[in-house]
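A look at the structure
Each chain is listed here by its residues.
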Amino acid sequence: KNKMYRARFSSVDYTVKLLRAAYEDGLGIMSVMSMPDNELFKKLLEALKILKEQGIVFQVAPCVSIPLKLGNSPIDDYRRWLTYFYYERKFFNSKKLEEKYLNDPILLTRPNWRERFLQMMEKEEPYKQEDSKDIQVDFKLLEKRVYVFEGFERPFINLGSECDFLAMIGRLDILIMLIEWLKSRGFNHVFISSHHAGSTIPIIESSV
């Protein structure tokens, strides 16, 4: 399916035609994952600009992954998920939780997910609380991910699933800082994402 969609949406004309039909059918807001270096993402923005010139204006709600780093190194996504696993196994049967992680259809879209996560479980450790004090946001990269949406009507912005990570390692202060930073750049409404709502929402609610 991924190969089929990649071929189909490599055509800006096809994307324009599809979005025009969706707009005429009542769709007016799109949530768009920010991937400035991705060719399909660039073509989607090109299609939206073509439609805007034709009088068809979509509101574009960016979804932006948070570029986190520990010292000078980016946070490892697979180790980040290992951190989630260790946190959640306090509440669930470890074997069933492991099966869920290994067979999750979304996680399986990551390159060699099952093999790499099993290796991570065997050889690595999760990020720990003592690591959390050195976690920072790469604001230069974040600025790049946000800036590409300049010129579009933006009803809200959605921070990515790294919000789960910040909640579980006790760095809600970073999350608050990010929300304020985005508001200072014209986003009146900032949403946060969660792929682990059962763990993350209680942490956030108890902090209020």
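Re the confidence of the model for the protein chain
In low-pLDDT regions, the fine details of the predicted coordinates are not to be read closely. When pLDDT is averaged along the protein chain, the result is 94, and 100% of the positions lie at 70 or above. Helix α7 (residues 129-132) is the least confidently modelled element of the protein chain, averaging 86 in pLDDT, while helix α2 (residues 12-24) averages 97, the highest of any element.

A look at the sheet that holds strand β7 (residues 190-192)
Taken in spatial order, the four strands make up an open sheet running β1-β2-β6-β7, and their pairing is parallel. What marks the edges here is a single partner per strand, and that holds for β1 (29-33) and β7. Taking the axes of each pair of neighbouring strands and ignoring which way they run, one obtains an average angle of 25° across the sheet. In the sheet, strand β6 (residues 157-159) pairs with β7 via three bridges, with the strands oriented parallel. Of the residues in β7, the one forming a bridge with Asn158 is Phe191.

Structural notes on the side chain of Glu88
By the element assignment, Glu88 lies in helix α4 (residues 77-88). Here Ser199 takes part through its side chain, which lies 3.1 Å from a polar atom of the side chain of Glu88. With residues near it in sequence (within four places) discarded, Glu88 still touches Leu97, Tyr101, Met168, His196 and Ser199.

Remarks on the pattern of salt bridges
This structure, assessed with the given rule, holds eleven salt bridges. Here Arg80 and Asp77 are joined by a salt bridge, their closest N and O atoms 3.1 Å apart. Linking Arg80 with Asp77, this pair stays in helix α4, spanning three residues, or about one helical turn. Across the pair Lys95 and Glu98 runs a salt bridge whose closest N-O atoms are separated by 4.0 Å. Of the two residues, Lys95 and Glu98 both sit in helix α5 (residues 94-103), three residues apart, roughly one turn of that helix. Residue Glu98 is classed as buried on the basis of its relative accessible area of 18%.

With respect to helix α3 (residues 39-53)
Under the 1.5 Å per step criterion, the end-to-end length of α3 is 21 Å for 15 residues, consistent within 8% with the ideal 21 Å. Along α3, the residues that are buried comprise Phe41, Leu44, Leu45, Ala47, Leu48 and Leu51. End-on view of α3: buried residues confined to an arc of 155°, all on one side of the axis. Lining the buried residues of α3 we find α2, β1 and β2 (59-64). One side-chain oxygen at the N-terminal end of α3 lies 2.9 Å from the backbone nitrogen of Leu40; it belongs to Asn38. Following α3 by one or two positions, Gly55 adopts a phi angle in the positive range, close to 90°.

A closer look at the packing of helix α8 (residues 139-147) against helix α10 (residues 172-183)
Between α8 and α10, the least distance of the axes is 12 Å, while the angle of their chain directions is 45°. Compared by their axis directions, α8 and α10 come out oblique. Classified by chirality, the crossing of α10 by α8 is right-handed. Contacts between α8 and α10 involve Phe139, Leu142, Glu143 and Val146 on the former and, on the latter, Met177, Leu178, Trp181 and Leu182. Looking at the contact of α8 with α10 residue by residue, the classes come out as seven nonpolar, no polar and one charged.

Parameters at a glance
Residues numbered from 1 in each chain as written. Predicted model: local features only at pLDDT ≥ 70, side-chain atom pairs only at ≥ 80, totals over all residues. Heavy atoms only, no water. pLDDT = per-residue confidence, 0-100. Helix = DSSP H or I, 4+ residues; strand = E, 2+ residues; numbered from the N terminus. Pairing = 2+ DSSP bridges. Axes fitted to C-alpha atoms, helices over the stretch in contact; angles between N-to-C directions. Polar contact = N/O pair within 3.5 Å; in protein donor to acceptor, adjacent residues only side chain to side chain. Contact = heavy atoms within 4.5 Å. Salt bridge = Lys/Arg side-chain N within 4 Å of Asp/Glu carboxyl O. Buried < 20%, exposed > 50% of the residue type's maximum accessible area, 1.4 Å probe, protein only. Expected span 1.5 Å × (residues − 1). Arc of directions from axis to C-beta. Parallel < 35°, antiparallel > 145°, perpendicular 65-115°, else oblique. Left-handed = near helix turned anticlockwise from the far one by under 90°. Nonpolar A, V, L, I, M, F, W, Y, C, P; charged D, E, K, R; others polar.

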